[in-house]
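Structural characterization, general
Single-letter residue listing:
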Amino acid sequence: MPRVLLIEDDPAVREGVQLALRRQGHDVAAVATGEEGLERLWSFRPDVVVLDLMLPGMSGLDVCRRIRSGGQVPIIMATARGDDVDVIVGLEAGADDYVVKPVQARVLEARIRAVLRRIGVPGTGTPRVETHGELTIDRAGLDITLRGEPVALALSEMRLLLTLSASPGQVFSRQQLLEAVWEHSYHGDIRLVDACVKRLRLKMSEPSGAPLYILTVRGFGYRFRAA
């Protein structure tokens, strides 16, 4: 039974989402504040966190950063608005996906199911361990090292890197990556892709910040630099 940690301060929303997720077979722990959420995170060990962006006390962004600094559990951010600033800041803080409130139960359930399916590794037929310059990718073990040091990646970052590196030199449009990594089959939000690429580059670039592995193809998308 998938475990979902719901961090939502509005009692009516919290109870409604909790009930809907339990009806779908999830084990749900629901809390009202970020502080409570962080406490439950370590004891409940959720498979996914649904996090309200606007929380009293510790903000949702701070909670997201704290979760991401200490672990790789998938985070779905809930925002009351679809504004660029809210969404981009949340994604760059480490969220893997987002939904706009009021959240439709079927949409949230689809996002949760998708994020739980992403543990599968794309790129059938690629070697178990491959090396690209100073970057080593262990596809079976899901271990990434750069210059011999482990690189901690969130789930969406891992999936994006595995997808791009499975076909070095191939150009992927943002929509193709959205469908492959986030399983958004409709014409979705490419901000997910751009924010994830930005986070990956920060973790895998030289001190100067120049991209080493994930290159932009202006006006189209991204490609992984062939070794």
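Residues numbered from 1 in each chain as written. Predicted model: local features only at pLDDT ≥ 70, side-chain atom pairs only at ≥ 80, totals over all residues. Heavy atoms only, no water.

Quick notes on the confidence of the model for the protein
Chain-level pLDDT for the protein is 85 on average; 89% of the residues reach the 70-or-more range. Across residues 119-126 the pLDDT falls below 50, and counting only partners more than four positions away or on other chains, this stretch makes 13 contacts in the model. (pLDDT = per-residue confidence, 0-100. Contact = heavy atoms within 4.5 Å.)

Brief notes about the packing of aromatic side chains
Evaluation of the coordinates by the stated rule reveals one aromatic pair. Here the aromatic rings of Tyr213 and Phe224 are separated by 6.0 Å at their centres, their planes lie at 20 degrees, and the arrangement is stacked. Here the residue Tyr213 occupies a position in the loop between α8 (191-204) and β11 (214-217), and Phe224 occupies one in strand β12 (residues 221-224), the gap between them amounting to eleven residues. (Phe/Tyr/Trp six-rings, centres within 6.5 Å; stacked < 30°, edge-to-face > 60°. Helix = DSSP H or I, 4+ residues; strand = E, 2+ residues; numbered from the N terminus.)

Let's talk about the sheet that holds β12
Read across the sheet, three strands follow the order β10-β12-β11 without closing on themselves; strand pairing throughout is antiparallel. A strand with exactly one partner marks an edge of an open sheet, and here the two such strands are β10 (171-173) and β11. Strand-to-strand twist of the sheet, defined as the mean angle between neighbouring strand axes without regard to direction, takes the value 35 degrees. In terms of strand pairing, β11 meets β12 through four bridges, oriented antiparallel. Among the inter-strand pairings, Leu215 is bridged to a residue of β12, identified as Arg223. Sheet strands touched by helix α6 (residues 155-165): β10, β11 and β12. Its angle to β12, the strand with the most contacts, is close to 70 degrees. (Pairing = 2+ DSSP bridges. Axes fitted to C-alpha atoms, helices over the stretch in contact; angles between N-to-C directions.)

A short note on helix α1 (residues 11-23)
Over its 13 residues, α1 extends 18 Å from the first C-alpha to the last, a length consistent with the 18 Å expected when each residue adds 1.5 Å. Listed in full, the buried residues belonging to α1 are Arg14, Val17, Gln18 and Leu21. Projected onto a plane normal to the axis of α1, the buried residues spread over an arc of 100 degrees and lie on a single side. Residues Ala12, Glu15 and Arg23 are exposed on α1 and point more than 90 degrees away from its buried face. Buried residues along α1 sit in contact with β1 (3-7), β2 (27-31) and α5 (105-117). For α1, the side-chain oxygen to backbone nitrogen distance between the N-cap and Ala12 is 3.0 Å, and the N-cap itself is Asp10. (Expected span 1.5 Å × (residues − 1). Buried < 20%, exposed > 50% of the residue type's maximum accessible area, 1.4 Å probe, protein only. Arc of directions from axis to C-beta. Polar contact = N/O pair within 3.5 Å; in protein donor to acceptor, adjacent residues only side chain to side chain.)

Let's talk about the side chain of Asp96
With respect to the helices, strands and loops of the structure, Asp96 is situated in the loop between α4 (84-92) and β5 (97-100). Separated by 2.7 Å, the side chains of Asp96 and Ser156 make a polar contact.

As for the sheet that holds strand β9 (residues 149-150)
Across the sheet, four strands lie side by side as β6-β7-β8-β9; this open sheet has antiparallel pairing. Lying at the two open borders of the sheet, with one neighbouring strand each, are β6 (129-132) and β9. Taken strand by strand, α6 contacts β6, β7 (135-138) and β8 (143-146), and its axis lies near 100 degrees from that of β7.

A look at the packing of helix α2 (residues 34-44) against helix α3 (residues 60-70)
The N-to-C vectors of α2 and α3 enclose an angle of 20 degrees; their axes lie 10 Å apart at closest approach. Here α2 is positioned roughly parallel relative to α3, judged by the angle of their axes. In the packing of α2 onto α3, the handedness of the crossing is right-handed. Counted together, Gly34, Leu38 and Leu41 of α2 and Val63, Arg66 and Ile67 of α3 form the full contact between these two elements. (Parallel < 35°, antiparallel > 145°, perpendicular 65-115°, else oblique. Left-handed = near helix turned anticlockwise from the far one by under 90°.)

Regarding empty space enclosed by the protein
The final tally for this structure, using the stated rule, is three cavities of 30 Å³ or more. Reported here for the largest cavity is a volume of approximately 60 Å³. Along its surface, the largest cavity is lined by Leu6, Glu8, Val13, Val17, Val50, Ala78, Lys101, Val103 and Leu108. Counted by class, the lining of the largest cavity contains seven nonpolar, no polar and two charged residues. (1 Å grid on protein atoms, 1.4 Å probe; cavity = no way out; pocket = protein on both sides within 12 Å on 5 of 7 lines; lining within 4 Å. Points joined across faces, edges and corners; volume = space filled by probe spheres on them. Nonpolar A, V, L, I, M, F, W, Y, C, P; charged D, E, K, R; others polar.)

Some points on the pattern of salt bridges
A complete count under the given rule lists 13 salt bridges for this structure. With a closest N to O distance of 2.5 Å, Arg199 and Glu157 form a salt bridge. One end of the pair, Arg199, is in helix α8; the other, Glu157, is in helix α6, with 42 residues separating them in the sequence. The exposure class of Glu157 is buried, given its relative accessible area of 1%. The structure contains a network of salt bridges with shared partners spanning Glu8, Asp52 and Lys101. (Salt bridge = Lys/Arg side-chain N within 4 Å of Asp/Glu carboxyl O.)

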